[in-house]
Amino acid sequence: MYDAELANERSYVEGLYARLDELRAEKIEQLGEVRRTKSMGTHQNRSERDAFASLYENRLAQLNAVDDKLAFGRLDLDSGELRYIGRIGLSTDDLRQLMVDWRAPEAGTFYQATAFERLGVRRRRHLILQGRTVKSIEDDVLDHTMLVDGEHLQGEGALLAALNSKRTGRMSDIVGTIQAEQDRIIRSPLSGALVVQGGPGTGKTAVALHRAAYLLYTHRERLQSAGVLLVGPSSAFMKYIERVLPSLGETGVVMASVGHLLPGISATAVESPEAARLKGRIDMAQVMANAVANRQRLPRGDVRLDVEGTRLVLTVRQVRRAREKARATGKPHNEARVTFVKILLRELTEQLREHIEANGAGNTADRSYLADDVRGSRDVRVMLNLCWMPLSAQKLVSDMFSKPEILAAVAPQFTDAERAMLLRPADAPWTESDVPLLDEAAELLGEMDVTGGRAEAAREAQRNRDLANAEKAISNMNQQLEDSGVDGILTAEQLADFNIVEGESLSNAERALTDRTWAYGHVVVDEAQELSPMQWRLLVRRCPVKSFTIVGDIAQTSSAAGASSWRQALAPFMGERWSLEELTVNYRTPTQIAEAAVRMANAAGQVVSAPKAVRDGEWEPLVDKVAPGALVRRVVEVMEEETTAVAGGLVAVIAPPAMVPETAAALRAVYGHRVGHGAGSVEQDIVVLDPHEAKGLEFDGVVIVEPAALLAGAGGRVGDLYVAMTRPTQRLRLIASQPLPEGIEA
């Protein structure tokens, strides 16, 4: 009977893949047809073809991304219907449904039905695919009347198979094994901020990613144009999860780590925890406002300026009045500067005119050239820039942290010792804590036009010239048409637009990546407990409607600027417009390892949620105590045992940041190319990371080097060590030369 059912499922799934291939071929043909005609026609026609090309490209990308495990489930309903569940919806040309998208309401019962509340489901079948072939099937029989002699209730096999599979260095989706509590959170309403709290291994990241895919499916019209932003803690984490959303049928989500949230900035440098804490304080917003105001300066006294040999006087009173009027516009610094400059140029021009007329040059001569003389004076340009310099965000922040006198002026609330922690060279690389300050500065400064508006004027002048040329060409053409008895139908605007050389057409996601002011429809934040108040301020600016999915675990906070409670983190920005859900089951970490991590945290005074592990492991945590100076040698000695134990799985060595290069070099000397180092190497057999890089990742085996140093490096906070201890799915080993933190050993 099983063999017959398996054969039926294989036949049906082959039909699904055949339909998938048909749709791919159809989109390839449609895309080819569009591309063949893309360079022809009017500007409007080209825009329409670009839109169709983008539509076909996106659909083709979706169809290509869902090939692996296209279908994963079937529902046998009380009505007699057999409903297949898969990554996307598929129908025949005559709209007969072949498979339901997992996000559709009618697929919800696949995750929610139980034997106690069947929701009209008699049997839930899991299809386990290898390539395009159904390898096996597993049934959860919810209606006991379906059981026949010799049969028994099955269940959880698909879940346990997924949990026990080897890690690949890339996160896999859980679409076929989503559990009921996870599904309820995934399908929560869009509005407001939803906080998903969960201990290690509870599937917080998977829930966040599947929720992003669900929201894009359910609220496509609202979110497709505005987009969804997914923020993670590190580049390693973003690489780890980058394949999940495409595998769920979504290719347009913008993904960025916290160090890459500002276009053009790649913040990878590391700074002291104390400096990060200071930069993360919410009052840094006022510091940035002070820094901008500090660059709108008054001269110390009246200034004499040379304009074509004539001595003019720019008074402090004039500069103060111009500054007040510019500030009163409410515009950002660089835009308000236009007002400031116009006022003073006008007053200096008038002063020059009065001087010339007072010296008997007559009253009827054309004086229009005087404004150009004033504007072209080197003395005038230098003085206006000294009083109100156009600035970039990078220049403002760099000057603030490299010049003690500026920092003292704009941050009087900081002590001398605190300001000393923030000082650094002007060319120092950017850190993650700098990004929200740069964003705040960019908001206060606005776009910088060093030409003083001349660039925009030049574009407008060019447009007018194009229109004039077009009108002349059309006039000649229309006369010829009229002579032939045909009225002209082409306008100057259409002809000018037709001759515009357009750049490459970009998707919404690509445009959002390069536009700092882009307002997203929804933001998903992973490892959110690490964010500082200033980082939250940046993210809320990215989503003014405050529609967020926020996932994390307060107990895992390791950043000095991170949160100690969700209310502390969110209330200043969300008020009461947020709700909290909690995941209670640990799917990743075996019982023995999870309990050791909780004991360690509790012994340090940290109250942590202790989700129930669904499985026991084969090994208790192993502890090697070695002499000082022997840590790295011991890591190399045990690695063969560790890689053999996990039988082809991935092993991570998590060490204090200062020890990562030495440890990686020692391992590479023995194991060669099998060893990776840092964020970009999480797919190697052996990878050496620091705790920050390991956050959010998982491995078959983990070796922790000097646990006490991880605590010391985090200022005694257990977050780094707790995170490191909860990364393995099978085996944990700790190598220590210093006394172990309390609680690790039972």
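Conventions used here
- Residues numbered from 1 in each chain as written.
- Predicted model: local features only at pLDDT ≥ 70, side-chain atom pairs only at ≥ 80, totals over all residues.
- Heavy atoms only, no water.
- Helix = DSSP H or I, 4+ residues; strand = E, 2+ residues; numbered from the N terminus.
- Buried < 20%, exposed > 50% of the residue type's maximum accessible area, 1.4 Å probe, protein only.
- Contact = heavy atoms within 4.5 Å.
- Areas by Shrake-Rupley, 256 points an atom, 1.4 Å probe, with all protein chains shown as cover.
- UniProt positions renumbered as here; feature names shortened; annotations may be inferred.
- Pairing = 2+ DSSP bridges.
- Axes fitted to C-alpha atoms, helices over the stretch in contact; angles between N-to-C directions.
- Expected span 1.5 Å × (residues − 1).
- Parallel < 35°, antiparallel > 145°, perpendicular 65-115°, else oblique.
- Left-handed = near helix turned anticlockwise from the far one by under 90°.
- Nonpolar A, V, L, I, M, F, W, Y, C, P; charged D, E, K, R; others polar.
- Core = buried A, V, L, I, M, F, W, Y, C linked by side-chain atoms within 4.5 Å.
- Phe/Tyr/Trp six-rings, centres within 6.5 Å; stacked < 30°, edge-to-face > 60°.
- Lys NZ or Arg CZ within 6 Å of the ring centre and 35° of its normal.
- pLDDT = per-residue confidence, 0-100.
- Salt bridge = Lys/Arg side-chain N within 4 Å of Asp/Glu carboxyl O.
- Polar contact = N/O pair within 3.5 Å; in protein donor to acceptor, adjacent residues only side chain to side chain.

(A) Structural context of the overall build of the protein chain. Secondary structure assignment for the protein chain yields 30 helices and 22 strands. Taking all 746 residues of the protein chain together, 51% fall into the buried category. In the protein chain, 72% of the contacts between residues at least 6 apart in sequence involve partners at least 24 apart. By element, 52% of the accessible surface of the protein chain is carried by carbon and sulfur atoms, the whole surface being about 34,200 Å².

(B) Geometry of the side chain of Ser 234. Mapped onto the secondary structure, Ser 234 falls in the loop between strand S8 (228–232) and helix H8 (235–241). Once you skip the residues sitting within four places of it in the chain, Ser 234 turns out to touch Ser 257, His 692 and Glu 693.

(C) Looking closely at the UniProt feature "binding site: ATP" (unreviewed entry) in the protein chain. Mapped onto this numbering, the UniProt entry gives "binding site: ATP" (unreviewed entry) at Gly 198, Gly 199, Pro 200, Gly 201, Thr 202, Gly 203, Lys 204 and Thr 205. As for its placement among the helices and strands, Gly 199 is situated in the loop between strand S7 (193–198) and helix H6 (204–218). Overall, the relative accessible area of 0% leaves Gly 199 in the buried class. Ignoring any residue separated from it by four or fewer positions in sequence, one finds Gly 199 in contact with Lys 204, Asp 553, Gln 556, Ser 609 and Pro 611. In this view, Pro 200 contacts Asp 553, Gln 556, Asn 586, Arg 588, Thr 589, Pro 611, Tyr 722, Thr 726 and Arg 727; residues no more than four positions away in its chain are not counted.

(D) Layout of the sheet that holds strand S19 (residues 675–677). Pairing in this open sheet of six strands is parallel, and the strands run S17-S22-S21-S18-S20-S19 from one edge to the other. This sheet does not close on itself; its edge strands, each paired only once, are strand S17 (622–625) and S19. Pairwise comparison of adjacent strand axes, ignoring direction, gives a mean angle of 20 degrees for this sheet. Pairing between S19 and strand S20 (residues 686–689): three bridges, direction parallel. Within the sheet, the bridge partner assigned to His 677 lies in S20 and is Val 688. Against the sheet, helix H27 (residues 660–671) engages strand S18 (651–654), S19 and S20, with an angle of about 160 degrees to S19.

(E) Highlighting helix H12 (residues 316–328). Over its 13 residues, H12 runs 18 Å from end to end, which matches the ideal 18 Å to within 8%, given 1.5 Å per residue. The secondary structure elements touched by the buried residues of H12 are strand S11 (310–314), helix H13 (333–358) and helix H15 (378–387). Trailing H12 by a residue or two, Gly 330 shows a phi angle of about 75 degrees, which is positive.

(F) Structural context of the packing of helix H11 (residues 284–294) against helix H19 (residues 434–445). Contact pair H11 / H19: the axes reach a minimum separation of 10 Å and the direction vectors enclose 45 degrees. When the axes of H11 and H19 are compared, the pair comes out oblique. Two packed elements cross with a definite hand, and for H11 against H19 that hand is right-handed. The residues of H19 that touch H11, namely those facing Met 284, Ala 285, Met 288, Ala 289 and Val 292, are Leu 437, Glu 440, Ala 441, Leu 444 and Leu 445. Class assignment for the residues of the contact of H11 with H19 results in nine nonpolar, no polar and one charged.

(G) Highlighting the nonpolar core. The biggest cluster of nonpolar side chains holds 77 residues, and the ones touching the most others in it are Trp 102, Ile 704 and Met 725. Examining the composition of this core, we find that nine residues originate from one element, H6, more than from any other. Discounting chain neighbours no more than four positions away, the residues touching Met 725 are Ile 593, Ala 596, Ala 597, Met 600, Ile 704, Leu 732 and Ile 744. Counting 62 residues, the second-largest nonpolar core is a separate cluster that includes Ala 393, Met 400, Phe 401 and Phe 573.

(H) Summary view of the packing of aromatic side chains. Going through the model one piece at a time under the given rule, you end up with five aromatic pairs. Taken together, a centroid distance of 5.0 Å and an interplanar angle of 35 degrees make the contact between Phe 340 and Trp 388 tilted. With Phe 340 in helix H13 and Trp 388 in the loop between H15 and helix H16 (393–402), this residue pair connects regions lying 48 residues apart in the sequence. Overall, Phe 340 belongs to the buried group, its relative accessible area being 0%. Connected via pairs of aromatic rings, a cluster forms that spans Phe 72, Phe 110 and Tyr 111. Directly above the aromatic system of Phe 401 lies the positively charged group of Lys 279, at a separation of 4.8 Å from the ring centroid.

(I) Spotlight on the sheet that holds strand S4 (residues 97–101). Pairing is mixed in the open sheet, where six strands are placed in the order S3-S4-S2-S1-S5-S6. Bordering the open sheet on either side are strand S3 (90–91) and strand S6 (133–141), each of which pairs with just one other strand. In the sheet, strand S1 (residues 71–77) pairs with strand S2 (residues 82–86) via five bridges, with the strands oriented antiparallel. Counterpart to Arg 74 in the pairing with S2 is Tyr 84. On the sheet, helix H1 (residues 2–36) packs against S1, S2, S3, S4, strand S5 (121–130) and S6 and is oriented at approximately 120 degrees with respect to S6.

(J) Main features of the pairing of strand S12 (residues 522–525). Side chains His 522 and Val 524 of S12 all project onto a buried face; the interleaved residues Val 523 and Val 525 project onto the opposite face, where all are buried too. Two strands pair when backbone bridges link them, and S8 and S12 are joined in this way by four bridges, in the parallel orientation. Counterpart to Val 228 in the pairing with S12 is His 522. Sheet analysis places S12 next to strand S13 (residues 548–552), joined by three bridges and oriented parallel. Across the sheet, Val 524 pairs through a bridge with Thr 549, a residue of S13.

(K) Highlighting the confidence of the model for the protein chain. Mean pLDDT for the protein chain: 86, with 88% of residues reaching 70 or above. Taken together, the stretch residues 149–153 has pLDDT below 50 and engages in five contacts with residues farther than four places along the chain or on a different chain.

(L) Expanded view of the pattern of salt bridges. Within the structure shown, the criterion is met by 56 salt bridges. Its salt-bridge partner being Glu 347, residue Arg 321 comes within 3.0 Å of it at the nearest N-O pair. In this pair, Arg 321 is assigned in helix H12 and Glu 347 in helix H13, connecting sequence segments 26 residues apart. For Arg 321, a relative accessible area of 25% puts it in the partly exposed group. Among the ionic contacts, a cluster of salt bridges with common partners joins Glu 5, Glu 9, Arg 74, Asp 76, Arg 123, Arg 125 and Asp 139.

(M) Molecular detail of the side chain of Arg 124. Position of Arg 124 relative to the elements: it lies in strand S5. Side-chain polar atoms of Arg 124 contact the backbone oxygen of Ala 113, separated by 3.0 Å. Once residues within four sequence positions are removed from consideration, Arg 124 is found in contact with Arg 74, Leu 75, Thr 109, Phe 110, Tyr 111, Ala 113, Glu 138, Asp 139, Asp 140 and Leu 142.

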